[in-house]
Amino acid sequence: MDWVHKHAPTQFADCAPTFNRDAVLKHLNSSRSHAFLLDGPTGCGKTTVARLMAQQIGCDMPIERNMADDNTIGDVRALLDDMAQPSLLAAEQVYILDEPQRITKSVQQLLLKALEDAPSCVTIILCTTEPHLLIEPLHARCHRIQFRPLDEIESKRLVARVARAEHVWFSDDADSDSSDDLVTLLRIDTGRA
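Residues numbered from 1 in each chain as written. Predicted model: local features only at pLDDT ≥ 70, side-chain atom pairs only at ≥ 80, totals over all residues. Heavy atoms only, no water.

Our next topic: the overall build of the protein chain. Scanning the protein chain from terminus to terminus reveals eight helices and five strands. Of the regular secondary structure in the protein chain, the N- to C-terminal order runs α-α-β-α-β-α-β-α-β-α-β-α-α. Looking at the 193 residues of the protein chain, the share that counts as buried comes to 37%. Of all intrachain contacts in the protein chain linking residues separated by at least 6 positions in sequence, the fraction that spans at least 24 positions is 76%. Accessible surface for the protein chain amounts to roughly 11200 Å². Of this, 51% is attributable to carbon and sulfur atoms. (Helix = DSSP H or I, 4+ residues; strand = E, 2+ residues; numbered from the N terminus. Buried < 20%, exposed > 50% of the residue type's maximum accessible area, 1.4 Å probe, protein only. Contact = heavy atoms within 4.5 Å. Areas by Shrake-Rupley, 256 points an atom, 1.4 Å probe, with all protein chains shown as cover.)

Take a look at the structure:
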């Protein structure tokens, strides 16, 4: 298993602060919408957060589609048909659609129909790096969550956490075997021992 998946956050508290966690949790725990738009730069945690949102909603197995690959009218119609069929295994169904801006405007109109007509047990989460390429009605139907990139300190903390978990240590001194080398090398000040 690659480190990206192995060390992905398993709860909201583990996520890097690239979005407003409190607002997301408050919205999920109140009378939430059934369509979300998560937007931000590549690698900021949109899909990971979408998976955590699915768990919070009560769906352990969200259905994920990369709209850059599944971008035809037929693909979206099949998705609509799938959403219309209630699941026998789960009370809640979550569809995570990555990069929906890659589909044409006419296919986005069809996706809009999915957002408008989906049963109440279906939640649709759109994850995009380019929200400005989505048609305006998609924006209007979704609760928007904006992400920002990790800053340098957050990135270093993340690398240090993964390296420690994997027992990997970096050193700028080849003769040193100190377990604090990674922290020293990355100049991380976490306030922890």
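All right, on to the sheet that holds strand β4 (residues 122-128) then. Across a sheet, strands are paired by hydrogen bonds formed along the backbone, either parallel or antiparallel in direction. Pairing within the open sheet is parallel, and its five strands lie in the order β2-β3-β4-β1-β5. Two strands bound the open sheet, and with one partner strand each, they are β2 (63-66) and β5 (143-146). Averaged over all pairs of adjacent strands, the angle between their axes in this sheet comes to 20 degrees, without regard to strand direction. With four bridges joining them, strand β1 (residues 35-39) and β5 adopt parallel strand pairing. Across the sheet, residue Phe-36 finds its bridge partner in β5, namely His-143. In the packing of helix α3 (residues 46-57) onto the sheet, the strands contacted are β1, β2, β3 (93-98), β4 and β5, and the crossing angle to β4 comes to about 170 degrees. Against the sheet, helix α4 (residues 73-84) contacts β2, β3 and β4, and its axis sits at roughly 165 degrees relative to β3. (Pairing = 2+ DSSP bridges. Axes fitted to C-alpha atoms, helices over the stretch in contact; angles between N-to-C directions.)

With that out of the way, let us pick up the side chain of Gln-93. Along the chain, the position of Gln-93 falls in strand β3. Once residues within four sequence positions are removed from consideration, Gln-93 is found in contact with Cys-59, Asp-82, Met-83, Gln-85, Pro-86, Ser-87, Cys-121, Val-122 and Thr-123.

Take the pairing of β3 next. Where burial is concerned, most of β3 is hidden: six out of the six residues are buried. Neither face of β3 is left uncovered, since the one carrying Gln-93, Tyr-95 and Leu-97 and the one carrying Val-94, Ile-96 and Asp-98 both have all their residues buried. For β2 and β3, the ladder comprises four bridges, and the chain directions are parallel. Looking at β3, one finds that Asn-66 is bridged to Asp-98. In this region the chain leaves β2, passes through α4 and returns to the parallel neighbour β3; the handedness of that crossover is right-handed. Bridging between β3 and β4 involves six bridges; their strand directions are parallel. Within β4, the position partnered with Val-94 by the bridge is Thr-123. At this point the chain moves from β3, through helix α5 (residues 105-117), to the parallel β4, and the crossover so formed is right-handed. (Right-handed = clockwise from strand over helix to strand, strands pointing away.)

This paragraph deals with the packing of helix α2 (residues 21-29) against α3. Between α2 and α3, whose axes approach to 10 Å, the crossing angle comes to 35 degrees. In this structure, α2 crosses over α3, and the sense of that crossing is right-handed. Of α3, the residues touching α2 (which contributes Val-24, Leu-25, Leu-28 and Asn-29) are Met-53, Gln-56 and Ile-57. By residue class, the composition of the contact of α2 with α3 is five nonpolar, two polar and no charged. (Left-handed = near helix turned anticlockwise from the far one by under 90°. Nonpolar A, V, L, I, M, F, W, Y, C, P; charged D, E, K, R; others polar.)

Helices that pack against each other are described as a pair by the angle of their axes relative to one another and the distance between those axes. With their axes 10 Å apart at the nearest point, α4 and α5 run at an angle of 5 degrees to one another. With respect to their mutual orientation, α4 and α5 come out roughly parallel. Contacts between α4 and α5 pair Ile-73, Val-76, Arg-77, Leu-80 and Met-83 from the former with Val-107, Leu-110, Leu-111, Lys-113 and Ala-114 from the latter. When its residues are assigned to classes, the contact of α4 with α5 shows eight nonpolar, no polar and two charged. (Parallel < 35°, antiparallel > 145°, perpendicular 65-115°, else oblique.)

Turning to the pattern of salt bridges, a few remarks are in order. All chains considered together, the criterion is met by four salt bridges. Among the ionic pairs, Arg-51 bridges to Glu-64, the shortest N-O distance being 2.7 Å. Residue Arg-51 is located in helix α3, and its partner Glu-64 is located in strand β2; the two are separated by 13 residues in the primary sequence. The class of Arg-51 is partly exposed, set by a relative accessible area of 30%. Between Lys-113 and Asp-117 there is a salt bridge whose closest N-O contact spans 2.6 Å. Remark: Asp-117 and Lys-113 occur in helix α5; sequence separation between them is four residues, near one turn of the helix. Classification of Lys-113 by relative accessible area gives partly exposed; the value is 43%. (Salt bridge = Lys/Arg side-chain N within 4 Å of Asp/Glu carboxyl O.)

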